[in-house]
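# Remarks on the overall topology
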Amino acid sequence: MTTELIAYLGEIIGTAILILLGNGVVANVLLTRTKGHDSGLIVITFGWAIAVFTAVFIAAPLSGAHLNPAVTLGLALAGKFDWGLVPGYFVAQLIGAFIGQCVAVLAYRDHYRVTEDSGLVLATFSTDPAIPRSSSNTMTEAIGTFVLVFAVLYITGPKIGDSPGSLGALDALPVALVVLGIGLSLGGPTGYAINPARDLGPRIAHAVLPLKHKGDSNWPYAWVPVVGPLLGAALAAGLWHFVPVAL
């Protein structure tokens, strides 16, 4: 197997683990009659942080553990990642997110059957704004992703061109803590997707899986957690280039 295929496989596996554990904790909190029912946002944010830690730790030796198109874009714009690999990483991340969501549904299948609120069901797949307003929601996603990608750019190496654009296993904890901070501080308005694959892959799964009480997949909102994070990643890479010059 070529190095590129191993990297794509690593992104599929890592992103699948990310979504399995991340949306798994959301399902545990929101679905009917689970052991963690109604345990709140703090449980969700810590669960997602642990999901990031686990996924990055697993995927780091295989692919550099991007697990997020926004991270891949930011690293490429910063000159830390080969543009030729970007499309393959995007596709692998989307596939992994879809697979991870399907496994999470299997784990909670009995609870999906008894959860009648379609809004809660959708929330275990993809994000939804507390106050729907496209401009504000996009800005919130861009801000959260800016923080994530800007931090990742420094975690992978502070000097332009000196880093291969990958996260090692030892970087799993700091990245997880960054995501925890984003969730606690900026997660209120939109649910902090900060990852196009994290939202789009599970939303596709929601659309195609035969769930009894699922309702619609809220496709009119689906562009926000894709465009917002990509904008935030581009801004982070731009500032990362500018700061050394300004100093």
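As recorded in an unreviewed UniProt entry, the protein goes by Aquaporin family protein and comes from Neolewinella litorea. Taken verbatim from the UniProt record of the protein, the Sequence similarities (unreviewed entry) comment is "Belongs to the MIP/aquaporin (TC 1.A.8) family." The protein has a UniProt comment under Subcellular location (unreviewed entry) that states "Membrane".

## As for the overall build of the protein
Check the secondary structure of the protein and you find 10 helices and 0 strands. Going from N to C terminus, the protein has its helices and strands arranged as α-α-α-α-α-α-α-α-α-α. Here the protein has a C-alpha radius of gyration of 17 Å; the compact-globule value for 247 residues is 18 Å, and the two agree. For the C-alpha atoms alone, the extent of the protein along its principal axes is close to 55 × 45 × 30 Å. Within the span of the protein, comprising 247 residues, buried residues form 51% of the whole. Here the analysis covers contacts within the protein between residues at least 6 apart in sequence; of these, 78% occur between residues at least 24 apart. Here the protein displays about 10,800 Å² of accessible surface, and carbon together with sulfur accounts for 70% of that area. Positive and negative side-chain charges in the protein, numbering 11 and 13 respectively, have mean positions lying 7 Å apart.

## Some details on the layout of surface pockets
Approximately 530 Å³ is the volume attributed to the largest pocket. As for the largest pocket, its lining consists of 31 residues, of which Trp48, Gly191, Tyr192, Ala193 and Arg198 are closest to the centre. Considering each element in turn, the lining of the largest pocket owes the most residues, 5 residues, to helix α2 (residues 41–63). Taken together, the residues of the lining of the largest pocket sort by class into 20 nonpolar, 9 polar and 2 charged.

## Considerations on the nonpolar core
Core analysis: the largest hydrophobic core is formed by 45 residues, its most contacted members being Leu18 and Trp48. Among the secondary structure elements, those contributing two or more residues to this core are α1 (3–30), α2, α3 (69–77), α4 (86–107), α7 (134–155), α8 (172–186) and α10 (224–246). In terms of residue count, α2 provides more of this core than any other element does, 8 residues in total. When near neighbours in sequence (up to four residues on either side) are disregarded, leucine 18 contacts Asn23, Trp48, Ala51, Val52, Ala55, Leu67 and Asn195.

## Brief notes about the environment of proline 225
Secondary-structure assignment places proline 225 in helix α10. When its relative accessible area of 0% is taken as the criterion, proline 225 is described as buried. Among residues more than four places away in sequence, those in contact with proline 225 are Thr127, Glu141, Ala193, Asn195, Pro196, Asp199 and Arg203.

## Some words on the confidence of the model for the protein
Here the protein shows a mean pLDDT of 94. Residues at 70 or above account for 94%. Low pLDDT, under 50, characterises residues 158–163; the stretch is placed with 10 contacts to residues that sit more than four places away or in other chains.

## Side note on unusual backbone geometry
Apart from glycine, the bulk of residues carry a negative phi angle, and the bulk of peptide bonds sit in the trans form. Phi angles above zero are rare outside glycine, and alanine 65 is one such case at about 55°. Accessibility expressed as a relative area gives 1% for alanine 65, which makes it buried. One non-glycine residue with positive phi stands out, namely leucine 67, at about 60°. For leucine 67, the location among the structural elements is in the loop between α2 and α3. With relative accessibility at 4%, the residue leucine 67 sits in the buried group.

Cut-offs and rules
Every chain is numbered on its own, with residues counted from 1 as its sequence reads. Where totals are concerned, whole chains, interfaces and linings use all residues; where local detail is concerned, this predicted model gives features only for residues with pLDDT of at least 70, and gives and counts side-chain atom pairs only at 80 or more. Only hydrogens and water are set aside; all other atoms, that is, all heavy atoms of the structure, feed into the side-chain values. UniProt positions are given in the numbering used here, feature names are shortened, and annotations may be inferred rather than shown by experiment. Numbering of helices and strands runs from the N terminus, with a helix taken as a DSSP run of H or I at least four residues long and a strand as a DSSP run of E at least two residues long. The size measure is the radius of gyration over C-alpha atoms, and the globule rule it meets is 2.2 Å times the number of residues to the 0.38 power. Relative accessibility under 20% of the residue-type maximum defines a buried residue, over 50% an exposed one, and the middle range a partly exposed one, all with a 1.4 Å probe and only protein chains included. Every residue pair with non-hydrogen atoms within 4.5 Å of one another is taken to be in contact. All accessibility values rest on the Shrake-Rupley procedure with a 1.4 Å probe; residue burial counts only the protein chains present in the view. Two residue types count as positive, namely Lys and Arg, and two as negative, namely Asp and Glu; His and chain ends fall outside the count. To locate a charge, take atom NZ for lysine, CZ for arginine, CG for aspartate or CD for glutamate. Of the two site types, the cavity is a set of points on a 1 Å grid over the protein atoms alone where a 1.4 Å probe fits but cannot get out, and the pocket is an open set with protein on both sides within 12 Å along at least five of seven lines, each lined by residues with an atom within 4 Å of a point. Grid points are joined across faces, edges and corners, and a volume is the space filled by probe spheres set on the points. Here the nonpolar group is Ala, Val, Leu, Ile, Met, Phe, Trp, Tyr, Cys and Pro; Asp, Glu, Lys and Arg are the charged ones; every other residue, Gly included, is treated as polar. Here, nonpolar core means buried Ala, Val, Leu, Ile, Met, Phe, Trp, Tyr and Cys residues that are tied together by side-chain atoms lying within 4.5 Å of each other. pLDDT is defined as a per-residue confidence score from the predictor, taking values between 0 and 100.

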